[in-house]
Amino acid sequence: MSDQQQGDTGIDQPMGASPSFISNPLMRQEAQRAMIWAVVAGLVILAVYVSQSLLVIFGALVFAAIIDGGARLIGKVLPIGRMWRIALVLLLAVAFFVWLTYYAGSQIAQQAAALPDIVQTQTSRLVQFARENGLSVQAQDLQSYSSQLMSGVGTVTAALTGLVGGLTTVVLILIIGVYVALEPNLYERGLEWMAPRHRRSSLSVTMDRMAQTMRRLMAGRLLGMFVEGVFTYIALSILGVPMAALLGILTGLLAFIPNIGAVVSGLLMALVGFSVDMQTGIYAIAVYFFVQTFDGYVVVPMIAKKTVDLAPALVLGMQLIMGILFGILGLFLADPLLAMIKVMLERRAEETDAEERAARDAERLLDHTPVANEPPAHGA
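Residues numbered from 1 in each chain as written. Predicted model: local features only at pLDDT ≥ 70, side-chain atom pairs only at ≥ 80, totals over all residues. Heavy atoms only, no water.

**Focus: the overall build of the protein**
Then comes step 1: A count of helices and strands for the protein gives 13 helices and 0 strands.
Then comes step 2: Put simply, the protein runs from its N terminus to its C terminus through helices and strands in the order α-α-α-α-α-α-α-α-α-α-α-α-α.
Then comes step 3: In the protein, buried positions account for 31% of the 380 residues.
Then comes step 4: Considering only residue pairs separated by 6 or more positions, the protein has 68% of its internal contacts joining residues 24 or more positions apart.
Then comes step 5: When the accessible surface of the protein is split by element, carbon and sulfur atoms take 67% of a total near 24,400 Å². (Helix = DSSP H or I, 4+ residues; strand = E, 2+ residues; numbered from the N terminus. Buried < 20%, exposed > 50% of the residue type's maximum accessible area, 1.4 Å probe, protein only. Contact = heavy atoms within 4.5 Å. Areas by Shrake-Rupley, 256 points an atom, 1.4 Å probe, with all protein chains shown as cover.)

Have a look at this one:
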């Protein structure tokens, strides 16, 4: 626009002006704040919309931590390359499941098919016993609770019998987890690149601490699962409780879920035991308390020294929230997610403390710095 044209309009337009330009600095600052809040709200809505996919990705990271921990453990024994160690971990896992299917697959499948009927029958007997003793119990309520219980257990037993309902989710978790385990540094550099330059070193330290915590948490959890599963199977087999193999596997798998998993496995053992007779039911309850006592006083304290220490009430609350939002997958991943949040908050607190200490040190330095042209103190 020429000077003559500007003069004709009678408006002195600043350089770079546009219909969206806000000349008032205060209004421009408020508009920027509103835009930031709008972006934050949009990101929250997007996270809710894709929350299931994000949970699958987090499950893949948990699986990658398990693979990476196994590879590091093998590296302490065999001085071979990382790729070979990861391949060996995956090969051992596949061999275990093949062995489990070949030697106990048919027996476990039959037991898994019979377990829901046993639970329903024992629930009806429990209702009848309660009514005979003067308790007002609605059969529909207990049957509803037992159905919900078996729907969660059914996901596990379906995986054991090959009838996996969420097969796509499991496959995605496995594939993404393997890719992340093969080249973790590639994805760490990508996350660091997306962060501001002055925050990249701090983000790298946080991710390293998260990865270390996840590996230790998964190692401790797998050890607890193995101990509970094996001990339960051996004890139930010795005492003649039926479905010992299935109950041992379910107890081991449910041990991945603190608090809730132990209660569910104990209820299943009691129901199966009492389906035979009173003595077998008492044996099943005794096995449950023995395994849980050994795990609580021996295994868990030993693991807690090497892993993150989480408050039981906090873990239970997180499990309730994740279970309501995402079902069985949320229950399985509630504990690792809580551990990562705790590491992130601890790291943030450390950075805040470091910044405050640096600010105090700077203030002390300024207080002791002499002002220019100031006369020396008397008697100096």
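**What about the pattern of salt bridges?**
Then comes step 1: Per the counting criterion, the structure on display carries 10 salt bridges.
Then comes step 2: Across the pair Arg72 and Asp68 runs a salt bridge, and its minimum N-O distance is 2.9 Å. Within this pair, Arg72 and its partner Asp68 are both found in helix 3 (residues 51-75), separated by 4 residues, close to a single helical turn.
Then comes step 3: What makes Arg72 partly exposed here is its relative accessible area of 43%.
Then comes step 4: For Arg199, the salt bridge goes to Glu351, with nearest N and O atoms at 3.0 Å. One end of the pair, Arg199, is in the loop between helix 7 (184-194) and helix 8 (200-239); the other, Glu351, is in helix 13 (residues 328-367), and 152 residues separate them in sequence.
Then comes step 5: What makes Arg199 partly exposed here is its relative accessible area of 29%. (Salt bridge = Lys/Arg side-chain N within 4 Å of Asp/Glu carboxyl O.)

**Topic: the side chain of Thr213**
Then comes step 1: As for its position among the elements, Thr213 is in helix 8.
Then comes step 2: In this structure the side chain of Thr213 is engaged in a polar contact, spanning 2.9 Å, whose partner is the backbone oxygen of Arg209. (Polar contact = N/O pair within 3.5 Å; in protein donor to acceptor, adjacent residues only side chain to side chain.)

**Digging into the packing of aromatic side chains**
For any pair of aromatic rings, the description consists of the separation of the ring centres together with the inter-plane angle of the planes.
Then comes step 1: Summed over the entire model, instances satisfying the criterion amount to 2 aromatic pairs.
Then comes step 2: With centroids separated by 5.4 Å and ring planes inclined at 70°, the aromatic side chains of Tyr288 and Phe289 adopt a geometry described as edge-to-face.
Then comes step 3: Over the face of the ring belonging to Phe256 we find Arg221, whose NZ or CZ atom lies 5.8 Å from the ring centre. (Phe/Tyr/Trp six-rings, centres within 6.5 Å; stacked < 30°, edge-to-face > 60°. Lys NZ or Arg CZ within 6 Å of the ring centre and 35° of its normal.)

**Observations concerning the packing of helix 3 against helix 13**
Then comes step 1: Where helix 3 contacts helix 13, the two axes come as close as 10 Å, and the packing angle between them is 70°. Here helix 3 is positioned roughly perpendicular relative to helix 13, judged by the angle of their axes. Relative to helix 13, the crossing made by helix 3 is left-handed. For the pair formed by helix 3 and helix 13, the contact residues are Gln52, Leu55, Val56, Phe58, Gly59 and Val62 on the first element and Leu329, Gly330, Leu333, Pro336, Leu337 and Met340 on the second.
Then comes step 2: Considered class by class, the residues forming the contact of helix 3 with helix 13 number 9 nonpolar, 3 polar and no charged. (Axes fitted to C-alpha atoms, helices over the stretch in contact; angles between N-to-C directions. Parallel < 35°, antiparallel > 145°, perpendicular 65-115°, else oblique. Left-handed = near helix turned anticlockwise from the far one by under 90°. Nonpolar A, V, L, I, M, F, W, Y, C, P; charged D, E, K, R; others polar.)

**Comments concerning the layout of surface pockets**
Then comes step 1: Roughly 1,100 Å³ of volume is contained in the second largest pocket.
Then comes step 2: Taken together, the elements giving at least two residues each to the lining of the second largest pocket come down to helix 3, helix 6 (167-182), helix 7, helix 8 and helix 13.
Then comes step 3: With 11 residues, the single largest contributor to the lining of the second largest pocket is helix 3. (1 Å grid on protein atoms, 1.4 Å probe; cavity = no way out; pocket = protein on both sides within 12 Å on 5 of 7 lines; lining within 4 Å. Points joined across faces, edges and corners; volume = space filled by probe spheres on them.)

**Some details on a nonpolar patch on the surface**
Then comes step 1: Taken together, the side chains of Leu167, Val171, Ile175, Tyr179, Leu186 and Tyr187 make up a nonpolar region of the molecular surface, amounting to roughly 560 Å² of accessible area.
Then comes step 2: Counting residues per element, the ones that place at least two in the nonpolar patch are helix 6 and helix 7.
Then comes step 3: Broken down by element, the residue count for the nonpolar patch peaks at 4 residues, all from helix 6.
Then comes step 4: As for its position among the elements, Tyr179 is in helix 6.
Then comes step 5: Judged by relative accessible area, which is 52%, Tyr179 ranks as exposed. (Patch = residues over 30% accessible without salt bridge, like charges linked within 9 Å, V, L, I, M, F, W, Y side chains within 5 Å.)

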